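Breakdown of the fold
Chain by chain, the residues run as shown.
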Amino acid sequence: MESIQNDGLSAITEENAVKRASEGDPEAFSFIYERYVARIYSYIFYRIGSEPDAEDITSRVFYRAFGHIGSYVDKGVPFSAWLYRIAHNLIANWHRDSHRRREVPLEDQLELPAHADHPERVVERTQEMELLLLGIRRLSPDRQQLLILKFVEDYSNAEIGEIMGKSEGAIKSLYHRALIALRTEMTKIGYQSENENKEIL
Amino acid sequence: MMDNFDDLVYTSSLEKKLSESLRPLHPDPMFIHSLREKLSQTSNVMVEKQVSHPALWVLGAGLVTGVLLVLLTRRFKG
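Residues numbered from 1 in each chain as written. Chains lettered and ligands numbered in written order. Predicted model: local features only at pLDDT ≥ 70, side-chain atom pairs only at ≥ 80, totals over all residues. Heavy atoms only, no water.

Some points on the nonpolar core
We count it as follows: We define a nonpolar core as any set of buried Ala, Val, Leu, Ile, Met, Phe, Trp, Tyr and Cys residues linked to one another through side-chain atoms lying within 4.5 Å. For the exposure calls, accessible area comes from a 1.4 Å probe over protein chains only, and a residue counts as buried if that area is under 20% of its type's maximum, exposed if over 50%, partly exposed in between. Secondary structure elements are taken from DSSP: a helix is a run of H or I of four residues or more, a strand is a run of E of two residues or more, and numbering for both begins at the N terminus. Only heavy atoms enter the contact rule, under which two residues are in contact if any of them lie within 4.5 Å.
Formed by 67 residues in total, the largest nonpolar core has its most connected members in Ile32, Ile44, Val61 and Phe62 of chain A. At 14 residues, helix H2 (residues 26-48) of chain A tops the list of elements feeding residues into this core. The contacts of Phe62 of chain A, once residues within four sequence positions are left out, are Phe29, Tyr33, Tyr36, Val37 and Ile40 of chain A together with Leu35 and Leu39 of chain B.

Some thoughts on the packing of aromatic side chains
All names here are of chain A. Applicable threshold: Here a Phe, Tyr or Trp ring, Trp counted by its six-membered ring, pairs with any other such ring whose centre lies within 6.5 Å, and the pair is stacked when the planes are under 30 degrees apart, edge-to-face when over 60, and tilted otherwise. Lysine and arginine charges are scored as sitting over a ring when NZ or CZ, respectively, is within 6 Å of the ring centre and within 35 degrees of the ring normal.
The tally for this structure, following the rule as stated, stands at 12 aromatic pairs over all chains. Ring geometry for Tyr43 and Tyr84: centres 5.2 Å apart, planes at 85 degrees, overall edge-to-face. Placement of the pair is Tyr43 in helix H2 and Tyr84 in helix H4 (residues 79-96), with a sequence separation of 41 residues. Residue classification places Tyr43 among the buried positions, given a relative accessible area of 0%. Grouping aromatic residues by their ring pairs yields a cluster made of Tyr36, Tyr72, Phe79 and Trp82. For Lys150, the ring lying beneath its charged end belongs to Tyr175, and the centroid distance is 4.8 Å.

What to know about the pattern of salt bridges
A side chain of one charge can pair with a side chain of the opposite charge if their charged atoms are brought near each other. Stated formally: What counts as a salt bridge is simple: a side-chain nitrogen of Lys or Arg found within 4 Å of a carboxyl oxygen of Asp or Glu.
Per the stated rule, a full pass over the model turns up eight salt bridges over all chains. A salt bridge links Arg36 of chain B to Glu34 of chain A; its shortest N-O distance comes to 2.5 Å. One end of the pair, Arg36 of chain B, is in helix H2 (residues 29-77); the other, Glu34 of chain A, is in helix H2, on a second chain. You can call Arg36 of chain B partly exposed: its relative accessible area is 27%. One salt bridge in this structure joins Arg60 of chain A and Asp56 of chain A, with 3.2 Å as the shortest N-O distance. A residue pair is termed a helical-turn pair when its members lie 3 or 4 positions apart in one helix, as Arg60 of chain A and Asp56 of chain A do in helix H3 (residues 51-68) at four residues.

Topic: the side chain of Ser80 of chain A
Here Ser80 of chain A is to be found in helix H4. With residues near it in sequence (within four places) discarded, Ser80 of chain A still touches Glu14, Tyr36, Tyr155 and Ile163 of chain A.

Observations concerning the packing of helix H1 (residues 14-22) of chain A against H2 of chain A
All names here are of chain A. The following threshold applies: The angle between two axes is taken between their N-to-C directions and runs from 0 to 180 degrees, where each axis is a line fitted to C-alpha atoms and a helix contributes only its stretch in contact. An angle counts as roughly parallel when it lies under 35 degrees, as roughly antiparallel when it exceeds 145, as roughly perpendicular when it falls between 65 and 115, and as oblique in every other case. Handedness of each helix crossing follows the sense of rotation of the near helix against the far helix: counterclockwise by less than a right angle gives left-handed, clockwise gives right-handed.
The N-to-C vectors of H1 and H2 enclose an angle of 130 degrees; their axes lie 7 Å apart at closest approach. In terms of orientation, H1 and H2 fall into the oblique class. Considering only the axes of H1 and H2, their crossing is left-handed. Side by side, H1 and H2 meet where Glu14, Ala17, Val18, Arg20 and Ala21 of the first sit next to Ala28, Phe29, Phe31, Ile32, Arg35 and Tyr36 of the second.

A few points about a nonpolar patch on the surface
All names here are of chain B. Heads up, the condition is: What goes into a patch is any residue over 30% in relative accessible area without a salt bridge, connected to like charges within 9 Å or, for nonpolar side chains (Val, Leu, Ile, Met, Phe, Trp, Tyr), within 5 Å. Every accessible area reported is derived by Shrake-Rupley at a probe size of 1.4 Å, with residue values counting cover from the shown protein chains alone.
Together, Val64, Val67, Leu68, Leu71, Leu72 and Phe76 line one region of the surface with nonpolar side chains, adding up to about 630 Å² of accessible area. If you trace the backbone, Val64 turns up in helix H2. The class for Val64 is exposed, based on a relative accessible area of 52%.

What to know about the side chain of Glu185 of chain A
Residue and element names in this part refer to chain A. The cut-off we apply is this: Identification of polar contacts relies on pairs of N or O atoms within 3.5 Å, with a donor-acceptor requirement for protein atoms, meaning one able to donate a hydrogen and the other able to accept it, and with residues adjacent in sequence counted only if both atoms are side-chain atoms.
Positionally, Glu185 belongs in helix H10 (residues 168-188). Of note is the side chain of Glu185, whose polar atom sits 3.4 Å from the side chain of Arg138. Glu185 has contacts with Gly135, Arg138 and Leu139, leaving out every residue within four places of it along the chain.

Some points on helix H7 (residues 127-137) of chain A
Summarising burial for H7 of chain A: eight of the 11 residues are buried, a large majority. Residues of H7 of chain A that are buried: Met129, Leu131, Leu132, Leu133, Leu134, Gly135, Ile136 and Arg137 of chain A.

Topic: the confidence of the model for chain B
What counts, and what does not: The predictor's confidence in any single residue is recorded as pLDDT, a number from 0 to 100.
In the predicted model, chain B carries a mean pLDDT of 81, and 81% of its residues have values of at least 70. Overall fold confidence for the complex sits at a pTM of 0.72, while the interface term, ipTM, reaches 0.74.

And the structure:
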């Protein structure tokens, strides 16, 4: 497990950082924050597609985590599962909030953050990429979560199972259904795979 | 049978596309810094609040004990 030095005296691991943060140690919470802020932001952005709202929800996730970490109970699952669960719930609230739901042009919905440090980002912003993101956002929340954790965060099926509270077998099955559903959604919005394009030609 | 094969090919191409397209994004460093600052300010407030909690409990327990003692003393005298 990764560790950092705390004042050059003792190493902090995620496990003891969580314990210490739950006992009110702000430095330990800071360690957790540094470790997860980008991942949580990334996850939220891929789910909602708006940079300001992703920042807003990320802030809420960490405020809520900070406020409730004292009552966090370690049930043997990764601490990240707790953070993703908070994010998942806040995203659901965001979708339910009728005031924030508005008609946004497709190109605005799919814009990646301007400061994302991917030099190749301009190249990636093809129509195909946009359709892919749109297709993902049309899936059910658990399927979206699975695809983002798998492809963005590069978690294994076992790790995703721990985060989502499902068995590895259930994740494999969900993954298969997610790909089929994504294919259906992509077809609906006009995406054609390279193979289909070849057939047409 | 051919449909199943096509499905497999399509699914593989979709997986390839997903792994090529989806990658971690980095939030604005200013945002990370600003949120860190806000959380650290919140933590100072919370630490102060936590310090006052045990004192309140001791005070409350002392009051309850005192009232009980007075009531018990009166009952025994009566």
